[in-house]
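Results of the structural survey
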Amino acid sequence: MEWSAYINGSVNVTREEIRNMNGNELSILQYATQERLKTSRYNQAMAIALAFGGKEGS
């Protein structure tokens, strides 16, 4: 699993992959899912700000 790609939303985790994960991998998945949600919310907020005339990076 490429966790950074998962966090960025480029790939998803299948049920089969989850079934085959050990305890450590499941903990990483939980953390990565939280980070993915944060990244998604940030990207959504940036898109809204840009749509209303904000500047990228500010």
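For the structure itself, consult the block above.
Reading guide: rules and limits
- Residues numbered from 1 in each chain as written.
- Predicted model: local features only at pLDDT ≥ 70, side-chain atom pairs only at ≥ 80, totals over all residues.
- Heavy atoms only, no water.
- Helix = DSSP H or I, 4+ residues; strand = E, 2+ residues; numbered from the N terminus.
- Rg over C-alpha atoms; globule rule 2.2 N^0.38 Å.
- Buried < 20%, exposed > 50% of the residue type's maximum accessible area, 1.4 Å probe, protein only.
- Contact = heavy atoms within 4.5 Å.
- Salt bridge = Lys/Arg side-chain N within 4 Å of Asp/Glu carboxyl O.
- Core = buried A, V, L, I, M, F, W, Y, C linked by side-chain atoms within 4.5 Å.
- Phe/Tyr/Trp six-rings, centres within 6.5 Å; stacked < 30°, edge-to-face > 60°.
- Lys NZ or Arg CZ within 6 Å of the ring centre and 35° of its normal.
- Expected span 1.5 Å × (residues − 1).
- Polar contact = N/O pair within 3.5 Å; in protein donor to acceptor, adjacent residues only side chain to side chain.

Some words on the overall build of the chain
Along its length, the chain carries three helices and zero strands. Element order for the chain, N to C, with α for helix and β for strand: α-α-α. Relative to the 2.2 N^0.38 estimate, which gives 10 Å for 58 residues, the radius of gyration of the chain is 15 Å and therefore markedly larger than a compact globule would have. Reported as C-alpha extents along the three principal axes, the dimensions of the chain are approximately 45 × 15 × 15 Å. Put simply, the chain has 58 residues, and 16% of those count as buried. Nonlocal contacts in the chain, meaning residues at least 24 apart in sequence, comprise 44% of its contacts between residues at least 6 apart.

What to know about the pattern of salt bridges
Going through the model one piece at a time under the given rule, you end up with two salt bridges. Between Arg19 and Glu16 there is a salt bridge, and its shortest N-O distance comes to 3.2 Å. Here Glu16 and Arg19 lie together in helix 2 (residues 15-19), a separation of three residues that amounts to about one turn.

Some remarks on the nonpolar core
In this structure, Tyr6, Ile7, Val13, Met21, Leu29 and Ala32 together form the largest nonpolar core, which totals six residues. Other than its neighbours up to four places away in sequence, Ala32 contacts Trp3, Tyr6 and Ile7.

A closer look at the packing of aromatic side chains
Across all of its chains, the model carries one aromatic pair by this definition. Taking the centre distance of 6.2 Å and the plane angle of 90° together, the rings of Trp3 and Tyr6 count as edge-to-face. On the criterion of helical spacing, the pair formed by Trp3 and Tyr6 is a turn pair, its members being three residues apart in helix 1 (residues 3-7). Taking relative accessible area as the criterion, Tyr6 reaches 9% and is therefore assigned buried. Across from the ring centre of Tyr6, 4.5 Å away, lies the NZ or CZ of Arg36, which sits over that ring.

Description of helix 3 (residues 23-51)
Compared with the 42 Å implied by 1.5 Å per residue over 29 residues, the 42 Å span of helix 3 between its first and last C-alpha is a close match. Here helix 3 has its buried residues at Leu29, Ala32, Glu35 and Met46. Its side-chain oxygen at 3.0 Å from the backbone nitrogen of Asn24, Asn22 defines the N-terminal cap of helix 3.

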